[in-house]
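This is what each chain is made of:
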Amino acid sequence: MRYKLKKFLFIYSDEEIKQLVRRCYGRMKAYIMKMASLSSDDADDILQETLLKLLEKQPSVLKSKIDGYLFRMVRNACVNFRTRGGHNRTVSLDKMETDAALNLLSELDFENAELKEASREADLNVILDFADQLPLRTNEIFRMSRLEGKKHAEIAMELGISVRAVEKHLQKSVTKYREEFKKFS
């Protein structure tokens, strides 16, 4: 059984890497430029760093899933760029809705997923409805952190509470979110 599985794993040969890059580079670069609002050169840098990480880690991934795996790495790199000092730390709701649509289309493209599988994920409206069910202060802190992109210290100073209190409210929202959406995972 193990031998048969090895035949279907991505083995990181020079030829497989070349094919992966030819197949995905242009689409992923365009995705990075759109998601992180970057120039072509900066998008190239992020994509090359992501490819290097993939080559360094060499995770066991099926050949049929390697495009989706690389896409998720690229998406995470874009999120990290935007939240850790990149451009546009605060994101408008319109931008988030556009990003959510772009993510859905990109997932369908790179992961060859069916629309019904992708639709299981909670969309922005479901998350906002969920936030409205949180206690008032927790809802306010959740929105300031997740939607406005404010740091914990900024929220604490603005609301006149401790950073630890902000963290507790966010942890409460994460716990409730996991309970609410456990059935979708």
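The rules behind each value
- Residues numbered from 1 in each chain as written.
- Predicted model: local features only at pLDDT ≥ 70, side-chain atom pairs only at ≥ 80, totals over all residues.
- Heavy atoms only, no water.
- Helix = DSSP H or I, 4+ residues; strand = E, 2+ residues; numbered from the N terminus.
- Contact = heavy atoms within 4.5 Å.
- Expected span 1.5 Å × (residues − 1).
- Buried < 20%, exposed > 50% of the residue type's maximum accessible area, 1.4 Å probe, protein only.
- Polar contact = N/O pair within 3.5 Å; in protein donor to acceptor, adjacent residues only side chain to side chain.
- Salt bridge = Lys/Arg side-chain N within 4 Å of Asp/Glu carboxyl O.
- Core = buried A, V, L, I, M, F, W, Y, C linked by side-chain atoms within 4.5 Å.
- Axes fitted to C-alpha atoms, helices over the stretch in contact; angles between N-to-C directions.
- Parallel < 35°, antiparallel > 145°, perpendicular 65-115°, else oblique.
- Left-handed = near helix turned anticlockwise from the far one by under 90°.
- Nonpolar A, V, L, I, M, F, W, Y, C, P; charged D, E, K, R; others polar.

Novice: How would you explain the environment of Ala77 if you had to name every residue and give the values?
Specialist: Tracing the backbone through its elements, the reader meets Ala77 in helix α4 (residues 66-83). With 31 residues separating them along the chain, Ala77 and Ile46 place their C-alpha atoms 7.1 Å apart. Not counting the four nearest positions on each side in its chain, Ala77 is found in contact with Ile46 and Thr50.

Novice: Account for α4, naming residues and giving values.
Specialist: Residues lying three or four places apart along an α-helix face the same way, a consequence of the helix completing one turn every 3.6 residues. Taking 1.5 Å per residue as the helical rise, α4 with its 18 residues ought to reach 26 Å, and the 26 Å between its terminal C-alpha atoms agrees with that figure. For α4, every residue scored as buried is listed here: Ile66, Asp67, Gly68, Leu70, Phe71, Met73, Val74, Arg75, Ala77, Cys78 and Arg82.

Novice: A description of unusual backbone geometry should follow, citing residues and the corresponding values.
Specialist: The backbone phi angle of Tyr12 is positive, close to 65°, even though this residue is not glycine. Looking at the secondary structure, you find Tyr12 in the loop between α1 (2-8) and α2 (14-36). Take Tyr12: its relative accessible area is 11%, and that puts it in the buried class. Phi at Gln58 is positive, roughly 45°, even though this residue is not glycine. In this fold, Gln58 is placed in the loop between α3 (40-57) and α4.

Novice: Report on the side chain of Asn139, specifying residues and quantitative values.
Specialist: Along the chain, the position of Asn139 falls in helix α8 (residues 136-147). On the basis of relative accessible area, Asn139 is assigned to the buried category, the value being 10%. Of note is the side chain of Asn139, whose polar atom sits 3.2 Å from the backbone oxygen of Ala131.

Novice: Which residues make up the pattern of salt bridges, and what are the values?
Specialist: All told, the structure shown has seven salt bridges when counted by the stated rule. Two residues, Glu16 and Lys63, come together in a salt bridge whose shortest N-O distance is 3.4 Å. With a gap of 47 residues between them, Glu16 in helix α2 and Lys63 in the loop between α3 and α4 connect regions that are remote in the sequence. For Glu16, a relative accessible area of 11% translates into the label buried. Of the charged contacts, one joins Arg137 and Glu140 as a salt bridge, the two residues approaching to 3.5 Å between their closest N and O atoms. Linking Arg137 with Glu140, this pair stays in helix α8, spanning three residues, or about one helical turn. With relative accessibility at 34%, the residue Arg137 sits in the partly exposed group.

Novice: An account of the nonpolar core is requested, with residue identities and associated values reported.
Specialist: With 24 residues, the main nonpolar core has Ile32 and Val74 as its most contacted residues. Looking at this core, the elements that each hand over two or more residues are α2, α3 and α4. Examining the composition of this core, we find that eight residues originate from one element, α2, more than from any other. Sequence-distant contacts of Val74, defined by excluding residues within four places in its chain, comprise Met28, Tyr31, Ile32, Leu47 and Thr50.

Novice: So what's going on with the packing of α3 against α4? Residues and values would help.
Specialist: A pair of packed helices can be characterised by two numbers: the angle between their axes and the separation between those axes. Here α3 crosses α4 at 125°, and the two axes come no closer than 10 Å. It follows that α3 is oblique to α4 by the angle criterion. α3 and α4 meet at a crossing whose hand is right-handed. Counting all contacts with α3, which are made through Ile46, Leu47, Thr50, Leu51, Lys53 and Leu54, the residues of α4 involved are Ile66, Tyr69, Leu70, Met73, Val74, Ala77 and Phe81. Residue classes in the contact of α3 with α4 are distributed as 11 nonpolar, one polar and one charged.

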